[in-house]
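# Examining the three-dimensional arrangement
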Protein chains: 2
Amino acid sequence: MQFHHHGYVSGDPRVLPAAGTGIDRPVELPAEVDVLVVGSGPAGMLLAAQMSHFPHLTTRVIERRSGRLTHGQADGIQPRSVETFQAFGFAEEIIAEAYNIGWMNFWGPDPDNPQDIIRTARTADYAQDIGEFPHLIVNQARVLDYFAQAAVRAPGRITPDYGWEFVDLQVTEGEHPVQVTLRRTADDAAGSDAAVTGEERVIAAKYVVGCDGARSRVRDSIGCAHVGDIAKHAWGVMDVLVNTDFPDWRIKCAINAEAGNILHIPREGGYLARMYIDLGAVPEDDNHRVRQTPLEAVVTKANEILHPYSIDVKEVGWHSVYEVGHRVTDRFDDVPVGEHRAPRVFLTGDACHTHSAKAGQGMNVSMQDGFNIGWKLGAVLSGLSDASLLSTYTAERRPVAQQLIDFDREWSSLMARKPEEIEDPTELATYYLGTAEFPSGFMTQYAPSMIVGTDEHQGLAEGFPIGKRFKSAQVVLAGDGNTLHLGHHASADGRWRIYAFADARAAGEASALTDWAQWLATSPQSPVLRHTPAGADMDAVFDVKVVYQQGFEQVELARVPGTFRPQTGPLGLTDWEKVFAALPASDIFEERGISRDGAVVVVRPDQYVAHVLPLTATDELSAFFAQHMLAQR
Amino acid sequence: MQFHHHGYVSGDPRVLPAAGTGIDRPVELPAEVDVLVVGSGPAGMLLAAQMSHFPHLTTRVIERRSGRLTHGQADGIQPRSVETFQAFGFAEEIIAEAYNIGWMNFWGPDPDNPQDIIRTARTADYAQDIGEFPHLIVNQARVLDYFAQAAVRAPGRITPDYGWEFVDLQVTEGEHPVQVTLRRTADDAAGSDAAVTGEERVIAAKYVVGCDGARSRVRDSIGCAHVGDIAKHAWGVMDVLVNTDFPDWRIKCAINAEAGNILHIPREGGYLARMYIDLGAVPEDDNHRVRQTPLEAVVTKANEILHPYSIDVKEVGWHSVYEVGHRVTDRFDDVPVGEHRAPRVFLTGDACHTHSAKAGQGMNVSMQDGFNIGWKLGAVLSGLSDASLLSTYTAERRPVAQQLIDFDREWSSLMARKPEEIEDPTELATYYLGTAEFPSGFMTQYAPSMIVGTDEHQGLAEGFPIGKRFKSAQVVLAGDGNTLHLGHHASADGRWRIYAFADARAAGEASALTDWAQWLATSPQSPVLRHTPAGADMDAVFDVKVVYQQGFEQVELARVPGTFRPQTGPLGLTDWEKVFAALPASDIFEERGISRDGAVVVVRPDQYVAHVLPLTATDELSAFFAQHMLAQR
Ligand SMILES: Cc1cc2nc3c(=O)[nH]c(=O)nc-3n(C[C@H](O)[C@H](O)[C@H](O)COP(=O)(O)OP(=O)(O)OC[C@H]3O[C@@H](n4cnc5c(N)ncnc54)[C@H](O)[C@@H]3O)c2cc1C
Ligand SMILES: Cc1cc2nc3c(=O)[nH]c(=O)nc-3n(C[C@H](O)[C@H](O)[C@H](O)COP(=O)(O)OP(=O)(O)OC[C@H]3O[C@@H](n4cnc5c(N)ncnc54)[C@H](O)[C@@H]3O)c2cc1C
């Protein structure tokens, strides 16, 4: 964590100084905003936290509810989400309070007494091998709390505007072309008069992001088709405090009994668990009657499935019966297929893809949608990029949603099988582990585009596949000899990262690295010089770091090119945290297959690897940024 | 982290439900209190956080300042303190924002150009080997903030009463025998009228703890002698933001130049550093004139010492010139040496021991004083123990203070030597590492007493020396298969821990462990039955845990004795976190030398090992607790 950079800070360093619209942020919704986010679920709150790092913009987040979410909804956090939390500064805190999924056990009918269940397999959860981030269970409400905290600590000081419902929008002309009609639903936290409920207001936005969930009205207002299965599946879900003789109460289990199926998920705090009780496919003419299933019926069903074990329910924290189909919208923005203009309205999360809860993906994919659109809006509205950048949102995220639906359909049909359909009881376990990269959130790979390079030079850094998220590795901070994760040093502040992995020469010697650094610092073709606004710090847009092959004691800081020791901020202080050395015990060059001739690895603000190039390919580096960034000088 | 135990919690689980005096805690100081803490430094704030776990008591913390500390004072956090923070719930957070000391470098005169310094040795900091806790640097103000947060989140909801100065006290008779005179110094945060400044009030306390620093008035009021060196040593200290060509700006360094000595300490946040510039011994007739040394003189001196390097100071966060001698008070409470009654007034921290800053001990030892007295006051005031328990405070802490002074005297004279007095330049480094256990805070060993057993059975658990702090090791939580540190599972909630390390038999088989568990649950001699107040949960006073030798898959929870699966809280919910298994890769039985026949390890609320006994020594266990705890039924 870096601070004191603009002068001595006495209080909590996680609270960044307010800036721009974060200074004296108005309590009331302004008549005009840059970005209007509709909905404060996982997608909307990630956006709040991200946009708060663009404090010169006015971003408001409206939410129909009168305050924070308190109960229920999703709880499965995949490792990619924990990685994302790390970038927003709260991974450690949320890990400390979450349930860590170490194991997944499988239960099926006892062949001798088929009405009884027995444990058929124990498997280590996929997260145990996949990287440094765990697979967690924690209440969606807490995830939203942490994003809210990140949003209010960042310079824009964004807090949701509770008690406002999105009604409709029109995309017109002008600087703030999206006319949005809102309606007051309730007292908001800031204390408006209850008498105003129902009052309507129109506000004008440059961009609108619909994060308004499965029944999205933003989606309706831009005429998207929500396509997919008509057949829906119903789930009884309950967060319960019980006493029980079921020995795996604190282990995630898939239970396939004669009497039905349960997905059992221990929850944070050591007592609570969530049980998803399969209520089966919903007939077409059911007309949501399944939602009337009483809690008692769900508990009874759970006890039938658990036989010979049982639960004695002491308290029900939350419960629900919900139906969900498999659907994706045809497009994630307001530009009809075939038309070519920059979009003004976007859809994220459940608003554009819905599916079952079984694979524990909903909240996770929704957050990644928000992470994808956030920095792009920031770049366009800050004048760094042309609006055409925004078309990459649908192009990148729609395929991910389609993949998710396909995975979920397969996984939930596997899970919903009757015991007699299962030949090998370990098959489910095998499938679960075999697909680990998908449910952990690390399989997404964006195709080449204006912001993703092509793979001619992938061989220089095999371990950083272009288009996939940057998989961190350990390095040593040359200035102080401390070991840290290179990827964790970056935060979700909207900046691009350029990692220069040095060739074999030591710091200061004539080398490809030294030439590259010189070029970056002085050439008119340098993206840093070309795309950093005049007057801004040299690392305002690009965070440029170097990793040497030597141990940190061999890196003589005085000889490291000045490119990697920028003097920034109002005091012009040297930044000591741009120069890294390989860790002998776990050399990043080995771990990520980086060429000993060096390489340049470009990473997007949302942590995806954008390009891999040789140190000598300065023209290509320059051209890559020129295709999506505007010249600033 | 365990929660949801008393019903579903939607918000931050670190905020415990208010209880007792924490519900509607009065803003105004009451006329009568159980415990009055004077001073909100490290000792006082630890006490605030500790006493907040005894919410049925009224504890108030008065502080002369009008609000939180903002700048300066100590910054070195030894591993034992981080371990303590872990027990108070904020180790991870403070580690994330602190500077981690990985290395310590030594600089001395260049033999060829003695007016220049060169690096003479690099050493890994002792904390790299000593355990799972790092050696940190972080502003004392932040340590106090975290304790303040812990105090207000705990059930007693304690916050300091700012703007009250301790004037004097008298120990009289009655239920609240300590009559304390206070004076209003300033507006407090709660908004009193400035006009009242100077107003005096007398309040009556059962106990008073003087945490009022080096110029303690509580010390004066109980007539303690503060004995030690008359000669004082002066230090210039500054927290500075600079640009510099000194390559070790981000590494802790001891610099012994011809021009003088600097102890250089990088600070949290990546830019700031603290420099202690040695201003030498203060002549007896100086009369504090040294304190007038201007900042410029200190900076000039620093640049002379650093030559050929230099610092260009951009901002000074804090600076001070201070003198300190080596002193310890003759006693740490109000009972004159030779008299035998239970004390009513205690001294902690700088109020009873002062010394140089060089070894970075002041804040750390002060906190351990607070940790030692806190639970004892809680136990006595809760009726669990007789007041004679309180005499162990002076008995235990005074020898620690004496050790500290001796160590500090040696260390600071080593550090203050002139270069020509130094034969082997690595000698300082060798001393520093050789003494690691002391400065890391792990050397303290309390002598046998009513709360520390004798060592007849130490051989059953060599790795848990009686009288030393419980050195944690990893285990597996049998309920969910997650690996964790056994010691970190305990929090600073005022309870005793009894760890039953099982003999080799599996759970449920006839064994010494099974017999012991049965005895603990049913025998009239059982400390749990005897010393737990009627109506309280069975784990209210003793937190009893078991560690099996088998892997967690072999621990059948249904067969584990009920002693280790208590049903507690208003819902009578099973606690799943009392049963542990050995971790195959790092077996606690091996790591801590625990007998395969099992052992009982008793740990005090302040984390010190109180006793090691065989599973069969039930009489001894019973007798141990009976010597300092009262029968409750
Ligand atoms: C009742 C329920 C139970 C669920 N259970 C599970 C589960 O057990 N497991 C699982 O994996 N997933 C579950 N989900 C799905 C999971 O919560 C979603 O995938 C995830 O929350 C999607 O995030 P989001 O940000 O896209 O939308 P949401 O979290 O749905 O957030 C949408 C937000 O927009 C607000 N909003 C909606 N319309 C408007 C409007 N017109 N104006 C203003 N605000 C509006 C809503 O109040 C809400 O706060 C559940 C969802 C629901 C609703
Ligand atoms: C100016 C200064 C600089 C220091 N610099 C260093 C350093 O660089 N390195 C280092 O290791 N140690 C340093 N120390 C020492 C270190 O801070 C102490 O060892 C440590 O703070 C001791 O903790 P404590 O809780 O015993 O007392 P303190 O932290 O001194 O706290 C005492 C508290 O009591 C309050 N108080 C005092 N008298 C009264 C009264 N009559 N009524 C009410 N409240 C009262 C004070 O305002 C203060 O908040 C410094 C101390 C001071 C004062």
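The model shown is predicted, which means the values in this text are computed figures rather than measured ones. All residue numbers here refer to positions counted from 1 along the written sequence of the relevant chain. For this description, chains carry letters from A and ligands carry numbers from 1, given in the order in which they are written. Only residues with pLDDT of 70 or above have their local features reported here, since the model is predicted, and side-chain atom pairs are shown and tallied only from 80 upward, although totals for entire chains, interfaces and linings are computed over all residues. Hydrogens and water molecules were not included; the side-chain quantities draw on all heavy atoms of the structure.

## Quick notes on the overall build of chain A
To qualify as a helix, a DSSP run of H or I must reach at least 4 residues; to qualify as a strand, a run of E must reach at least 2; elements of each kind are numbered from the N terminus. The number of helices and strands found in chain A is 14 helices and 29 strands. Only the C-alpha atoms count toward the radius of gyration. The rule for a globule is 2.2 Å times the residue count to the power 0.38. Computed over the C-alpha atoms, the radius of gyration of chain A is 26 Å, within 12% of the 26 Å expected from 2.2 N^0.38 for a compact globule of 633 residues. Each of the three principal axes of chain A carries a C-alpha extent, and together these read 75 × 60 × 55 Å. Think of it in three bands: residues with accessible area under 20% of the maximum for their type are buried, residues over 50% are exposed, and the middle band is partly exposed, with areas taken using a 1.4 Å probe on protein chains only. Counting all 633 residues of chain A, 62% fall into the buried class. Partitioning the contacts of chain A with sequence separation of at least 6, the portion at a separation of at least 24 is 74%. Only heavy atoms matter for contacts: two residues are in contact if any of them lie within 4.5 Å across the pair.

## Here's the deal with the sheet that holds strand 17 (residues 311-324) of chain A
All names here are of chain A. Sheet architecture is open: seven strands sit in the order 6-5-14-15-16-13-17, paired in mixed fashion. Edge positions in the sheet fall to strand 6 (117-124) and strand 17, since each of these pairs with one other strand and no more. Pairwise comparison of adjacent strand axes, ignoring direction, gives a mean angle of 20 degrees for this sheet. DSSP bridges decide pairing: two strands pair if at least two such bridges lie between them. As defined by bridge partners, strand 14 (residues 252-257) adjoins strand 15 (residues 260-266) across five bridges and the pair is classed as antiparallel. Looking across to strand 15, one finds that A254 is bridged to L263. The convention used is that axes are lines fitted to C-alpha atoms, helices contributing only their stretch in contact, and that angles between N-to-C directions extend from 0 to 180 degrees. Across the sheet, helix 7 (residues 295-306) touches strand 6, strand 13 (232-244), strand 14, strand 15, strand 16 (273-282) and strand 17, and the angle it forms with strand 17 is around 105 degrees.

## Observations concerning the packing of aromatic side chains
All names here are of chain A. Think of it this way: a Phe, Tyr or Trp ring, Trp meaning its six-membered ring, pairs with another when their centres are within 6.5 Å, and the plane angle makes it stacked under 30 degrees, edge-to-face over 60, tilted otherwise. Counted under the stated rule, the structure contains 54 aromatic pairs over all chains. Here Y207 and F346 contribute two aromatic rings whose centre-to-centre distance is 6.3 Å and whose plane-to-plane angle is 40 degrees, an arrangement assigned as tilted. Linking Y207 in strand 11 (residues 200-210) with F346 in strand 19 (residues 345-347), this pair joins segments that are 139 residues apart in sequence. F346 carries the same exposure label as Y207, and that label is buried. Its end group placed over the ring of Y207, R344 keeps NZ or CZ at 4.7 Å from the ring centre. Working rule: Lys NZ or Arg CZ, within 6 Å of ring centre, within 35 degrees of ring normal, means a charge sits over the ring.

## A word on the UniProt feature "domain: Phenol hydroxylase-like C-terminal dimerisation" (unreviewed entry) in chain A
UniProt positions are given in the numbering used here, feature names are shortened, and annotations may be inferred rather than shown by experiment. Here, the residues flagged by UniProt with the feature "domain: Phenol hydroxylase-like C-terminal dimerisation" (unreviewed entry) are residues 444-632 of chain A. Across residues 444-632 of chain A, the secondary structure splits into 15% helix and 20% strand, with the terminal C-alpha atoms separated by 32 Å.

## Some details on the relation of the copies chain A and chain B
Of the transformation superimposing chain A on chain B, the axial component is 0.0 Å and the angular component is 180 degrees, with the fit at an RMSD of 0.0 Å. Accordingly, the operation relating the two chain copies is best matched by a two-fold axis. Looking at the interface residues of chain A, 100% of them are also at the interface in chain B, so both copies use one shared face. Superposing the copies works by least squares over the C-alpha atoms of residues that have pLDDT at least 70 in both of them.

## Digging into the interface of chain A and chain B
Contacts between the two partners involve 62 residues from chain A and, on the opposite side, 62 residues from chain B. With both chains or domains summed, chain A and chain B bury close to 5,400 Å², and 53% of this area falls on carbon and sulfur atoms. Only one rule defines a salt bridge in this text: a Lys or Arg side-chain nitrogen within 4 Å of an Asp or Glu carboxyl oxygen. Put simply, chain A and chain B have four salt bridges between them. Note that R142(A) is salt-bridged to D12(B), the shortest N-O span being 3.5 Å. Identification of polar contacts relies on pairs of N or O atoms within 3.5 Å, with a donor-acceptor requirement for protein atoms, meaning one able to donate a hydrogen and the other able to accept it, and with residues adjacent in sequence counted only if both atoms are side-chain atoms. Viewed at the interface, chain B and chain A are joined by 24 residue pairs in polar contact (both at pLDDT 80 or more). Contributing elements (two or more residues each) for the side of chain A that touches chain B: helix 3 (91-97), strand 4 (99-100), helix 5 (140-153), strand 13, strand 17 and strand 26 (573-574) of chain A. In this description, buried area is defined as the sum, over both parts, of the accessible area (probe of 1.4 Å) that is lost when the two are combined.

## What about the site of ligand 2?
All names here are of chain B. Around ligand 2, a shell composed of 28 residues is seen, among which E63, R65, F166, Y276 and D350 lie nearest. E63 places a polar side-chain atom, nitrogen or oxygen, 2.6 Å from an oxygen atom of ligand 2. The contact in question runs from an oxygen atom of ligand 2 to an N or O atom on the side chain of R65, over 2.7 Å. Taken together, the elements giving at least two residues each to the shell around ligand 2 come down to helix 1 (42-51), strand 9 (164-171), strand 16 (273-282), strand 17 (311-324) and helix 8 (362-381). In this text, near means that some heavy atom of the residue lies within 4 Å of the molecule or strand in question.

## Overview of the pattern of salt bridges
Between side chains of opposite charge, a pair can form when the charged atoms approach closely. Residues and elements named next belong to chain A. Scanning all chains against the criterion turns up 86 salt bridges over all chains. The shortest N-O distance in the salt bridge between R65 and E63 comes to 3.8 Å. For R65, a relative accessible area of 28% translates into the label partly exposed. Overall, E63 belongs to the buried group, its relative accessible area being 8%. Three or more residues joined by partner-sharing salt bridges are found here, namely D493, R495, R497, D539, D543, K545, D575 and K578.

## Structural notes on the sheet that holds strand 12 (residues 226-228) of chain A
Pairing between the strands of a sheet comes from backbone hydrogen bonds, and it takes one of two forms, parallel or antiparallel. All names here are of chain A. Spatial strand order, 12-18-20: three strands in an open sheet with antiparallel pairing. Single-partner strands in this sheet number two, and they are strand 12 and strand 20 (353-354). Bridge count between strand 18 (residues 327-329) and strand 20: two bridges; the pairing is antiparallel. The residue of strand 20 that forms the bridge with R327 is T354. Docked against the sheet, helix 9 (residues 391-415) engages strand 18 and strand 20, running at close to 170 degrees with respect to strand 18.

## A look at the side chain of D480(B)
For D480(B), the position within the fold is in the loop between strand 21 (474-477) and strand 22 (483-485). From its side chain, D480(B) meets the backbone nitrogen of N482(B) in a polar contact 2.9 Å long. What D480(B) contacts, discounting residues up to four positions off in sequence, is Y99(A), W103(A), R250(A) and I251(A).

## A word on a negative patch on the surface
In this scheme, patches are assembled from residues that exceed 30% relative accessible area and form no salt bridge. Like charges are connected within 9 Å, while nonpolar side chains (Val, Leu, Ile, Met, Phe, Trp, Tyr) are connected within 5 Å. In short, Shrake-Rupley with a 1.4 Å probe defines the accessible areas, and a residue's cover is counted only from the protein chains shown. We score Asp and Glu as negative and Lys and Arg as positive, and we do not count His or the chain ends. Charge positions are represented by NZ for Lys, CZ for Arg, CG for Asp and CD for Glu. A surface patch of negative charge is lined by D455(A), E456(A), D619(A) and E620(A). Here E620(A) lies in helix 14 (residues 618-626).

## Things to note about the confidence of the model for chain A
Each residue gets a pLDDT score, which is the predictor's confidence in that residue and runs from 0 to 100. Looking at chain A as a whole, its pLDDT mean stands at 93, while 97% of the residues score no less than 70. Across the interfaces of the predicted complex, the ipTM metric reaches 0.94, alongside a pTM of 0.95.

## Focus on the domain arrangement of chain A
Residues and elements named next belong to chain A. Here chain A is described as being made up of domain 1 (20-71 + 141-226 + 327-435), domain 2 (101-135 + 230-324) and domain 3 (458-627). Each domain's extent was defined by an automatic or database domain assignment. The gap between the C-alpha centroids of domain 1 and domain 2 is 29 Å. Between domain 1 and domain 2, the residue contacts involve 18 residues of the former and 25 residues of the latter. Summed over the shared surface of domain 1 and domain 2, the number is zero salt bridges. Between domain 1 and domain 2 we count one residue pair in polar contact (both at pLDDT 80 or more) in total. It is helix 10 (residues 427-434) that contributes the most residues to the side of domain 1 that touches domain 2, four residues altogether.

## Let's talk about unusual backbone geometry
Residue and element names in this part refer to chain A. The linkage connecting H307 with the following residue, P308, adopts the cis geometry, with an omega of 15 degrees. Its place among the elements puts P308 in the loop between helix 7 and strand 17. Phi at D24 is positive, roughly 50 degrees, even though this residue is not glycine. Relative to the elements of secondary structure, D24 occurs in the segment before strand 1 (32-38). Look at D24 and you get exposed, because its relative accessible area is 72%. One non-glycine residue, H288, lies in the positive phi region at around 65 degrees.

## A few points about the site of ligand 1
Residue and element names in this part refer to chain A. Around ligand 1, 28 residues are found, and the nearest of them are E63, R65, F166, Y276 and D350. For ligand 1, whose accessible area on its own is 970 Å², the fraction buried by protein is 87%. Of all the secondary-structure elements, those providing two or more residues to the shell around ligand 1 are helix 1 (42-51), strand 9 (164-171), strand 16, strand 17 and helix 8 (362-381). In the scheme used here, Gly and all other residues not listed as nonpolar or charged are polar, with Ala, Val, Leu, Ile, Met, Phe, Trp, Tyr, Cys and Pro taken as nonpolar and Asp, Glu, Lys and Arg as charged. Its residues assigned to classes, the shell around ligand 1 comprises twelve nonpolar, nine polar and seven charged. Residues lining the shell around ligand 1 come from more than one domain, with at least three contributed by each of domain 1 (20-71 + 141-226 + 327-435) and domain 2 (101-135 + 230-324).

## Side note on the pairing of strand 9 of chain A
Residue and element names in this part refer to chain A. Two elements, strand 9 and strand 10 (residues 178-184), share seven bridges in a ladder whose sense is antiparallel. Paired with D168 across the bridge in strand 10 is T181. Connecting strand 9 to the next strand, strand 10, in antiparallel fashion are six residues, including G174 with a positive phi near 95 degrees.

## Structural notes on the pairing of strand 24 (residues 542-548) of chain A
Residue and element names in this part refer to chain A. Along strand 24, seven of the seven residues are buried, which leaves the element largely enclosed by surrounding structure. Neither face of strand 24 is left uncovered, since the one carrying F542, V544, V546 and Y548 and the one carrying D543, K545 and V547 both have all their residues buried. Pairing geometry for strand 23 (residues 496-501) and strand 24, over six bridges, is parallel. Of the residues in strand 24, the one forming a bridge with A500 is V546. Pairing analysis gives three bridges linking strand 24 to strand 27 (residues 579-581), with the strands arranged parallel.

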